[in-house]
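Single-letter residue listing:
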Amino acid sequence: YDMYGRVVRQCCLDTEGKPMLYVNGAYYGTVKYDAYGQVKELRAFNEQEQPMCTSDGWAAQINDYDDKLRLVRVRNYNEKDELCLNKEGWAGCNCTYDSFGNEVERIYIGIDAAPRLISLGFAGVRKEYDSRGREVKRMYLNEDGQPCLHKDGYAGVLSEYNAQGNEVNRVYLGVDGQPCQHKSENKQQ
């Protein structure tokens, strides 16, 4: 722990006191924080304390924040500190926010820094919010920023809320912006 009580190094030990694999597939993990306490860097290590990739496919994950302490960039690195794809298929992501602090866009990128489709079938997400900060629309985007299908067969979601703020209606959208059925609905029928 550091002087603020935050975890800076983690290791699981077996009954003989030897390092053992943690749930993420690493033996040791370290965490570095920025001056505001935000997680700046995560690193994974093997038994010999050499960098190793986790079960998520990265040995280091580096986060950047804006002046309002919002996550704006994530990057994944391999054991050689080279940009790499994680198991979902992205090397990094870039996030943008509206003036109220709501995340309005998240774009997943490849090693070449270009938008990249991830394992869920999209390269980005664009969101809209109502005046109370509730997400009312979410659209999944392809590499060109156009609507595309999520792996479950829909391109977006519209949400409606009651006066208490509970979601009372959800409509799934196709790439044309019109209501559609999707794989999850078909399984329930």
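Okay, so let's go over this structure. (Residues numbered from 1 in each chain as written. Predicted model: local features only at pLDDT ≥ 70, side-chain atom pairs only at ≥ 80, totals over all residues. Heavy atoms only, no water.)

## Looking at the overall build of the protein
When its secondary structure is counted, the protein shows one helix and 12 strands. Listing every helix and strand of the protein by position from the N terminus yields β-β-β-β-β-β-β-β-β-β-β-β-α. Taking all 189 residues of the protein together, the buried fraction comes to 35%. Counting only contacts in the protein whose residues sit at least 6 apart along the sequence, the fraction spanning at least 24 positions is 28%. Working note: accessible area of the protein is about 11300 Å², and carbon and sulfur atoms make up 48% of it. In the protein, 24 side chains carry a positive charge and 29 a negative one; their mean positions are 1 Å apart. (Helix = DSSP H or I, 4+ residues; strand = E, 2+ residues; numbered from the N terminus. Buried < 20%, exposed > 50% of the residue type's maximum accessible area, 1.4 Å probe, protein only. Contact = heavy atoms within 4.5 Å. Areas by Shrake-Rupley, 256 points an atom, 1.4 Å probe, with all protein chains shown as cover. Lys, Arg positive; Asp, Glu negative; His and termini not counted. Charge placed at Lys NZ, Arg CZ, Asp CG, Glu CD.)

## Digging into the pattern of salt bridges
Where charged atoms from two side chains of opposite charge approach closely, those side chains can pair. For the structure shown, the criterion picks out 16 salt bridges. Of the charged contacts in the structure, one is a salt bridge between Lys-32 and Glu-41, with a shortest N-O distance of 3.8 Å. Because the salt bridges share partners, they merge into one network encompassing Lys-32, Glu-41, Arg-43 and Asp-81. (Salt bridge = Lys/Arg side-chain N within 4 Å of Asp/Glu carboxyl O.)

## Regarding the environment of Gly-37
Relative to the elements of secondary structure, Gly-37 occurs in the loop between β3 (28-33) and β4 (39-45). For the pair formed by Gly-37 and Gly-174, sequence separation is 137 residues and the distance between their alpha carbons is 41 Å.

## Details of the state of the cysteines
A full pass over the atoms with the stated rule returns zero disulfides. Note on Cys-84: no disulfide assigned, nearest cysteine sulfur contributed by Cys-53 at a separation of 5.3 Å. (Disulfide = S-S within 2.5 Å.)

## Topic: the sheet that holds strand β6 (residues 71-77)
Within a beta sheet, neighbouring strands are joined by backbone hydrogen bonds and run either parallel or antiparallel to one another. Taken in spatial order, the 12 strands line up as β2-β1-β3-β4-β5-β6-β7-β8-β9-β10-β11-β12 in an open sheet, and their pairing is antiparallel. With partners counted over all chains shown, the strands left at the sheet margins are β2 (19-20) and β12 (167-173), one partner each. Note: strand β1 (residues 9-13) against β2, two bridges, orientation antiparallel. Within β2, the residue paired with Cys-12 across the bridge is Met-20. (Pairing = 2+ DSSP bridges.)

## Details of the layout of surface pockets
Of the voids in this model, the largest pocket is the one considered here, and its volume is about 180 Å³. Along its surface, the largest pocket is lined by 15 residues, and Gln-10, Asn-24, Gly-29, Thr-30 and Arg-43 are the ones closest to its centre. Elements with a minimum of two residues in the lining of the largest pocket: β1, β3 and β4. With four residues, β3 is the single largest residue contributor to the lining of the largest pocket. Looking at the lining of the largest pocket, its residues break down into 10 nonpolar, four polar and one charged. (1 Å grid on protein atoms, 1.4 Å probe; cavity = no way out; pocket = protein on both sides within 12 Å on 5 of 7 lines; lining within 4 Å. Points joined across faces, edges and corners; volume = space filled by probe spheres on them. Nonpolar A, V, L, I, M, F, W, Y, C, P; charged D, E, K, R; others polar.)

Such coordinate-based values are descriptive only and should not be taken to indicate function.
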